[in-house]
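Overview (structure and organization)
Given next are the chains, with one letter for each unit.
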Amino acid sequence: MGHRMTEKDAIVMATVLGAAVLILILFACRPFSWGSETEVAVSGGAANASQAAVSGNAVSGGTSSGGAVAAGEGGIINKTGMTLETRVNPPAGYQRVKERKDSFGSFLRSYELRKAGAKVKLYNGKNKENQDAHVAVFKLPIEKEDLQQCADSVIRMYAEYFWKTGQYDRISFQFADGFQADYTKWREGYRIQVARSTSWVAGGRYDDSYENFKRYLRMVFAYSSTLSQERESKKIKRENIKAGDIFIQGGSPGHVAMVVDVCENGEGKKAFLLAQGFMPAQQFQLLKNPAHEEEGDPWYYEDEIQYPLQTPEYSFKKGSLKRPKYLSN
């Protein structure tokens with residue numbers, strides 16, 4: 001006579017079968033990897049970037065065009081950093097070029113940034129329409145008029161550096177008509193008259209306050225342009241690039257972006273960061289590199305430079321890399 005399954009037997013059998021099925025499911029869903037979980041191999045491209053973030057490994061040499069992608073355990077962008085130097089790490093295999101403590105390059109590296117994720121604001125306090133072009137925003141002052149645009153933002157950064165370091169005689173910028181506006185003359189009380197020809201007129205008194213310095217800058221912003229800035233600059237080779245150089249295309253409208261930091265690898269090849277102001281007047285912003293946007297890498301690599309050079313909001317033609325005459329250190 002065959003064995004008849006009791007209710008208790010049925011319960012035991014169901015429990016055993018359920019446990020076995022659960023074990024099989026857990027085993028099947030377990031991620032497959034060779035070696036330990038911290039030794040995940042990551043090679044090439046943005047598709048593997050998330051794996052690198054999980055494993056804590058940097059992605060290096062992972063672009064089809066050969067640029068380095070990430071540096072250090074935290075990658076290139078350090079969201080807690082509040083200066084250019086602490087916010088953006090050099091890519092793998094690169095080190096920042098040495099700068100004197102009193103140099104313009106050092107000034108740029110130590111310049112304070114707004115908190116990570118900050119939006120670019122216009123002169124009137126509204127958000128810029130395109131918030132996808134930048135990776136950081138500088139705390140460079142901006143006035144409440146639609147004056148401090150692209151060329152003016154570069155001028156403002158230079159002027160703030162000269163002001164901070166007491167190099168007042170170097171605060172001098174050219175108007176579109178060729179007039180040279182010297183801050184030291186403005187400080188003495190002279191003012192600029194713009195008529196058929198631009199000229200200095202007497203009538204004020206000595207004033208070395210920051211407020212008067214800003215009034216001078218607003219006058220410069222009103223009458224300078226990419227055309228005058230290009231006229232004050234000379235062409236350089238990309239292997240000689242350094243902080244303070246510019247990519248510029250004079251015109252109406254033209255555009256300019258400033259090199260704000262430079263690093264170098266063991267072979268002497270350079271990479272650099274670009275920043276810009278734009279139209280309408282807006283905060284100075286550190287740009288993305290469209291060629292490496294998926295990897296989150298804003299550095300532009302010397303070996304990859306082709307013309308037209310594509311930045312997030314402008315394309316620069318060949319011959320646009322130049323050095324302003326006021327960059328002498």
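Residues numbered from 1 in each chain as written. Predicted model: local features only at pLDDT ≥ 70, side-chain atom pairs only at ≥ 80, totals over all residues. Heavy atoms only, no water.

1. Notes on empty space enclosed by the protein
Applying the stated criterion across every chain yields a total of one cavity of 30 Å³ or more. Roughly 30 Å³ of internal volume is contained in the largest cavity. In this structure, the largest cavity is lined by R238, I241, F247, F272, E302, I305, Y307 and L321. Of the residues in the lining of the largest cavity, the class split is six nonpolar, no polar and two charged. (1 Å grid on protein atoms, 1.4 Å probe; cavity = no way out; pocket = protein on both sides within 12 Å on 5 of 7 lines; lining within 4 Å. Points joined across faces, edges and corners; volume = space filled by probe spheres on them. Nonpolar A, V, L, I, M, F, W, Y, C, P; charged D, E, K, R; others polar.)

2. Section: the pattern of salt bridges
Opposite charge on two side chains allows them to pair when their charged atoms are near. A full pass over the atoms with the stated rule returns 16 salt bridges. We note a salt bridge from E211 to K214, for which the minimum N-O separation is 3.3 Å. Here E211 and its partner K214 are both found in helix α7 (residues 210–223), three residues apart, which amounts to about one turn of the helix. Accessibility expressed as a relative area gives 15% for K214, which makes it buried. Note that D245 and R323 form a salt bridge whose closest N and O atoms lie 2.6 Å from each other. Taken together, the residues span a long stretch of sequence, with D245 in the loop between β7 (233–235) and β8 (246–249) and R323 in strand β15 (residues 321–324) at a distance of 78 residues. A residue is classified by how much of its surface remains accessible, and D245, at 0% relative accessible area, is buried. Put simply, E143, E145, R156, E160 and R218 are held in one network by salt bridges that share partners. (Salt bridge = Lys/Arg side-chain N within 4 Å of Asp/Glu carboxyl O. Helix = DSSP H or I, 4+ residues; strand = E, 2+ residues; numbered from the N terminus. Buried < 20%, exposed > 50% of the residue type's maximum accessible area, 1.4 Å probe, protein only.)

3. Points about helix α5 (residues 150–164)
Taking 1.5 Å per residue as the helical rise, α5 with its 15 residues ought to reach 21 Å, and the 22 Å between its terminal C-alpha atoms agrees with that figure. Most of α5 sits out of view: 14 of its 15 residues are buried. One or two steps after α5, the chain reaches G166, where phi turns positive at roughly 70°. (Expected span 1.5 Å × (residues − 1).)

4. Structural notes on the nonpolar core
When a protein is soluble and globular, its nonpolar side chains tend to lie buried together. Among the nonpolar cores identified, the biggest contains 53 residues, and F138, M157, M258 and V260 are the most heavily contacted of them. Elements supplying a minimum of two residues to this core: α4 (104–109), α5, α6 (183–187), α7, β8, β9 (255–265) and β10 (270–276). Here this core gets ten residues from one element, more than from any other, and that element is α5. In terms of nonpolar packing, the next biggest core, distinct from the first, is built from 16 residues, F247, V262, L309 and L321 among them. (Core = buried A, V, L, I, M, F, W, Y, C linked by side-chain atoms within 4.5 Å.)

5. Some thoughts on unusual backbone geometry
In this chain, M279 is followed by P280 through a cis amide linkage whose omega measures -10°. Here P280 shows up in the loop between β10 and β11 (285–287).

6. Side note on the side chain of S172
Summarising the element assignment, S172 is placed in strand β3 (residues 172–174). For S172, a relative accessible area of 14% gives the class buried. Side-chain polar atoms of S172 contact the side chain of D182, separated by 2.4 Å. With residues near it in sequence (within four places) discarded, S172 still touches Q180, A181, D182, Y216, E232 and Y326. (Polar contact = N/O pair within 3.5 Å; in protein donor to acceptor, adjacent residues only side chain to side chain. Contact = heavy atoms within 4.5 Å.)

7. A closer look at the pairing of β8
The alternating pattern of β8 places I246 and I248 and F247 and Q249 on opposite faces, both of which are buried. Bridge analysis of β8 against β9 gives four bridges, and the strand direction is antiparallel. Across the sheet, Q249 pairs through a bridge with H255, a residue of β9. As consecutive antiparallel partners, β8 and β9 are separated by five residues. In this structure, β8 lies alongside β15, joined through two bridges in antiparallel fashion. Paired with I246 across the bridge in β15 is K322. (Pairing = 2+ DSSP bridges.)

8. What about α7?
Given a rise of 1.5 Å per residue, 14 residues ought to cover 20 Å, and the 20 Å separating the end C-alpha atoms of α7 matches this to within 8%. Every buried residue of α7 is listed here: N212, F213, K214, Y216, L217, M219, V220 and F221. In this structure, the buried side of α7 is in contact with α5, β3, β4 (180–182), α6 and β5 (191–194).

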